[in-house]
Amino acid sequence: MASNIPEESTSFVGRRAELRQLSSELTQHRLITLTGPGGVGKTRIAMRAAQAATARFPDGVHWVPLWPLQGDQLLVAAVCDVVGLADHSARTPVAALCEWLADKDLLLVLDSCEHLVAACRDLVGDLLTAAPGVTVMVTTRQPLEVAGEWITEIGPLPCTGTNDALTLFTERAGTAAPDLRLADPLNADAAALICRRLEGIPLALELAGAQLAHRPLAQVVERLGSRLDALDGTGMPWTPRHRTLRTAIGWSHELCAPLERLLWARLSVFRGTFDVGSAAAVCADGPLTPDAVRTALAGLAAKSVVSREGNRFRMLDTLREYGRMWLAELDETVTVADRHAEHFVGFGRRAELGWLGPDQVTWYGRVAESYVDLCTALDHLLGSAPARAQELSAAIGFFWTCCGHLHEARDYLERALAAQAAEDAEGTARTRALWALGVAVLLQGDIQAAETLGRECARTARDSGDHDAVLAAGYLIGLTHLMAGRPLTAHTVAGQVLGPPPDDPFDSAARLRCHLVRLFALTALGRLREARTAATVLRHGCVERGEYWSRSYTDYQLALIALFQDRPEESAGHARAMLAAKRRIGDNFGIALGLDLLAAAVAAQGDGASAAQVYGSGQAFWRTVGHPQRGTPELRAVREQCERRARAAIGDAAYAAAFHRAAEQNPELLLARILAGDF
């Protein structure tokens with residue numbers, strides 16, 4: 001059963017009544033909204049409730065963290081990512097998502113919606129109408145106000161009776177100061193006083209507990225008391241609990257060292273998780289040197305201002321809001337946003353340069369985990385430096401088209417090209433952006449738009465005098481001819497831009513991709529001996545360099561050639577190798593192509609039942625990219641022959657049953673079984 005509920009990194013205290021209530025509500029309502037002030041524990045309660053409910057939802061529980069999103073533009077994309085939809089069609093993302101979820105029975109959790117209330121209201125309304133089996137749980141500081149919404153208000157932990165607040169504080173104090181004896185009467189009274197003064201708000205208790213690593217309990221009580229006593233709240237729009245939390249955060253801020261406070265403010269520019277290197281690159285300036293960033297970051301982690309997630313860090317939204325307020329007070333908002341954006345422009349350059357080398361898979365992972373901050377950088381650059389936005393969108397556009405962000409790649413590339421067009425209509429960066437946009441629209445099935453972009457790309461490449469740009473344009477034009485069923489023209493275009501042999505296919509990424517176009521064309525033209533030789537050479541070079549994207553397509557061609565030459569076992573081996581490579585970079589489109597080819601190879605070996613299951617698995621992946629089936633035209637005949645052979649082997653009824661059973665299962669689990677050799 002699919003589930004991506006975050007793992008809990010600290011102990012969970014109390015909330016038995018709330019969890020019993022939510023368990024009942026999930027059986028009675030399709031939209032449950034957990035409301036309450038920041039830091040009260042809505043997210044942790046939702047995590048526990050969702051985990052307890054997994055058995056009720058055949059299609060799993062899907063957790064969507066919305067705290068990293070700066071605006072509503074990426075909301076639908078965030079949900080698509082989590083539910084496994086990497087849509088490659090030209091439909092609107094909302095329409096594709098509604099269709100994808102229409103027959104699903106699942107729980108969707110939208111965590112931290114308060115800054116996206118209007119967009120979440122519209123999306124949830126659409127989903128509840130289009131997908132009758134979907135239940136939605138929301139955490140937010142204010143209700144969505146959608147028809148049928150059931151609101152559950154989450155309050156602080158009790159400070160009397162079971163005194164869960166004291167239990168939480170005691171556990172956190174034990175972590176921060178293991179030698180502190182809170183069982184001693186004086187210490188116990190002081191701890192209870194802290195819990196009452198902080199009104200049982202979990203985040204405030206966490207921050208107070210963390211301070212015990214650096215100062216005595218009595219000092220924590222005294223300083224906290226003076227802070228709260230000084231707060232009168234006159235004229236403030238906050239609720240009393242919100243004021244208490246803000247005061248506790250402010251008190252923690254005061255207790256930080258000066259460079260820790262400065263880093264806290266500057267780190268607020270990051271929307272997603274970040275590593276030490278990115279923190280140093282963006283935040284180091286003036287007294288905050290790169291080494292000081294590392295020291296201050298460790299201090300903020302020890303004080304629970306940031307939390308560790310593997311080798312990365314995250315700042316809670318409530319604490320980031322406070323940091324942004326201080327960043328504005330320091331008059332550094334624009335300066336730090338500029339440095340953040342420039343850092344990710346450099347990140348994009350390094351990713352593009354690393355595409356062809358042994359770190360290719362690593363770069364796909366790094367681009368994926370930096371997705372939200374890359375979008376943040378692009379949004380900033382579109383308003384402040386369109387040329388930089390064009391450069392960054394071009395650098396990461398190809399990564400995004402391959403791993404599930406095709407709509408976002410197209411949107412940012414179109415906006416960057418439009419923003420820069422008035423200032424500079426020429427240049428290498430524009431050619432690269434046109435190339436990346438052309439690939440994106442082609443993968444969405446818009447061949448006419450891709451042809452137009454290909455011609456414009458070729459013109460700007462010639463004008464710039466950059467031969468690598470000419471190769472990039474040739475790849476786009478050649479690929480478009482292949483998808484349109486014109487392999488001879490594709491072969492001619494590739495030959496023209498590559499020039500006379502011999503040449504080094506691995507001289508650049510653009511050159512290698514042009515060699516792939518020529519390889520595909522040779523196979524489609526029936527020149528199988530030449531194609532096999534070319535594919536073998538390219539594959540060997542990819543293996544030597546640790547490159548996977550091109551290698552997977554050489555395996556694809558070798559599988560197709562072997563099938564055409566009646567070597568089905570060899571074909572199946574290459575198809576499985578392609579699937580393993582595509583899985584490593586998260587390319588669902590490539591996986592769907594590979595599964596269709598593997599099914600044909602299995603059917604050619606006479607195993608109709610397994611062929612039906614693999615073919616059904618392929619359909620499951622085709623659904624995730626929003627297409628019934630795609631690929632170069634010659635693949636259509638292969639698919640049709642596969643189905644005829646498999647049906648003949650086991651009969652129509654058995655074939656249909658096996659096919660539909662596989663097509664309705666979880667695609668990722670099916671792929672894992674296929675690669676493990678189950679069928």
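Anything mentioned here points back to the structure above.
Residues numbered from 1 in each chain as written. Predicted model: local features only at pLDDT ≥ 70, side-chain atom pairs only at ≥ 80, totals over all residues. Heavy atoms only, no water.

Some remarks on the pattern of salt bridges
Put simply, the test is: By convention in these notes, a salt bridge is any Lys or Arg side-chain nitrogen within 4 Å of a carboxyl oxygen on Asp or Glu. Think of it this way: any DSSP run of H or I at least four residues long counts as a helix, any run of E at least two long counts as a strand, and we number them from the N terminus.
Across all of its chains, the model carries 37 salt bridges by this definition. Residue aspartate 87 is joined to arginine 91 by a salt bridge in which the shortest nitrogen-to-oxygen separation is 2.8 Å. The partner of arginine 141 in a salt bridge is glutamate 321, and the shortest N-O contact between them spans 3.4 Å. Note that arginine 141 is positioned in the loop between β4 (134-140) and β5 (150-153) and glutamate 321 in helix α14 (residues 317-329), a separation of 180 residues in sequence. When salt bridges with common partners are traced through the structure, they connect Glu342, Arg349, Arg388 and Glu391 into a single cluster.

Some remarks on the pairing of strand β6 (residues 306-309)
Threshold: Criterion used throughout: strands pair if DSSP finds at least two bridges between them.
Pairing between β6 and strand β7 (residues 312-315): 4 bridges, direction antiparallel. Note on β7: the bridge partner recorded for valine 306 is methionine 315. Where β6 hands over to β7, the hairpin turn is made up of 2 residues, of which glycine 310 adopts a positive phi near 70°.

Describing the packing of helix α20 (residues 428-443) against helix α21 (residues 447-464)
Applied cut-off: Interaxial angle, 0 to 180 degrees, is taken between N-to-C directions of lines fitted to C-alpha atoms, where a helix line uses only the stretch in contact. Orientation is classified from the angle alone, with under 35 degrees giving roughly parallel, over 145 giving roughly antiparallel, 65 to 115 giving roughly perpendicular, and any other angle giving oblique. In a left-handed crossing the near helix is turned counterclockwise from the far helix by less than a right angle, and in a right-handed crossing that turn is clockwise. Contacts are residue-level and defined by heavy atoms, with any inter-residue pair within 4.5 Å sufficient. For this classification, Asp, Glu, Lys and Arg are treated as charged, while Ala, Val, Leu, Ile, Met, Phe, Trp, Tyr, Cys and Pro are nonpolar and the rest, including Gly, are polar.
Relative orientation of the contacting elements α20 and α21 amounts to 165°, with a least axis distance of 9 Å. Classified by the angle their axes make, α20 and α21 are roughly antiparallel. With respect to the hand of their crossing, α20 and α21 are arranged in left-handed fashion. Contact residues: Thr428, Arg430, Thr431, Leu434, Trp435, Leu437, Gly438, Val441 and Leu442 in α20; Ile447, Ala449, Ala450, Leu453, Glu456, Cys457, Thr460, Ala461 and Ser464 in α21. Among the residues making up the contact of α20 with α21, the classes are represented as 11 nonpolar, 5 polar and 2 charged.

With respect to the sheet that holds strand β1 (residues 31-35)
In space, the 5 strands of this open sheet follow the order β2-β3-β4-β1-β5, with parallel pairing throughout. If you trace the sheet from one side to the other, it starts and ends with β2 (61-65) and β5, each paired once. Between one strand and the next, the sheet's axes are offset by a mean angle of 15°, whatever the strand orientation. Where β2 and strand β3 (residues 106-111) come together, 5 bridges link them in parallel fashion. Opposite valine 64, over in β3, you have leucine 110 as the bridge partner. Sheet contacts for helix α2 (residues 42-52): β1, β2, β3 and β4; angle to β4, the most-contacted strand, approximately 160°. Set on the sheet, helix α3 (residues 75-83) makes contact with β2 and β3; between it and β2 the angle comes to about 145°.

With respect to the environment of glutamate 171
We apply this condition: Only protein chains enter the calculation, and the probe is 1.4 Å; a residue is then buried if its accessible area is under 20% of its type maximum, exposed if over 50%, and partly exposed in between. Pairs of N or O atoms within 3.5 Å make up the polar contacts considered here, provided that, within protein, one atom can donate a hydrogen while the other can accept it, and that residues adjacent in sequence are counted only when both atoms are side-chain atoms.
Relative to the helices and strands, glutamate 171 resides in helix α6 (residues 164-176). Among the residues examined, glutamate 171 registers a relative accessible area of 34% and is labelled partly exposed. The spacing of glutamate 171 and serine 11 is 160 residues in sequence and 8.2 Å in space, taken between C-alpha atoms. Sequence-distant contacts of glutamate 171, that is, excluding residues within four places in its chain, are made with Ser11 and Val13. At 2.2 Å, the side chain of glutamate 171 forms a polar contact with the side chain of serine 11.

As for the nonpolar core
Our working rule: Among buried residues, those of type Ala, Val, Leu, Ile, Met, Phe, Trp, Tyr and Cys that are joined through side-chain atoms within 4.5 Å constitute a nonpolar core.
Counting 219 residues, the largest nonpolar core has Leu66, Leu97, Leu110, Phe169, Leu267, Trp400 and Trp549 as the members making the most contacts within it. Looking at this core, the element that brings in the most residues is helix α28 (residues 588-604), giving 12 residues. In contact with tryptophan 549, other than residues within four places in its own chain, are Trp355, Gln360, Tyr364, Phe398, Cys402, Tyr475, Arg513, Leu516, Lys582, Ile585 and Asp587. Membership of the second largest hydrophobic core comes to 20 residues, among which are Leu26, Ala53, Phe57 and Val61.

So, the side chain of lysine 42
Filter applied, for reference: In summary, the charge assignment counts Lys and Arg as positive and Asp and Glu as negative, without counting His or the chain termini.
Relative to the helices and strands, lysine 42 resides in helix α2. Although lysine 42 is buried, it forms no salt bridge, and the closest oppositely charged side chain is glutamate 114 at an N-O distance of 5.3 Å. Among the polar contacts made by the side chain of lysine 42, one reaches the main-chain carbonyl oxygen of proline 37 at a distance of 3.0 Å. When neighbours within four sequence positions are excluded, lysine 42 is seen to be in contact with Leu34, Thr35, Gly36, Pro37, Thr139, Thr140, Arg141 and Ile154.

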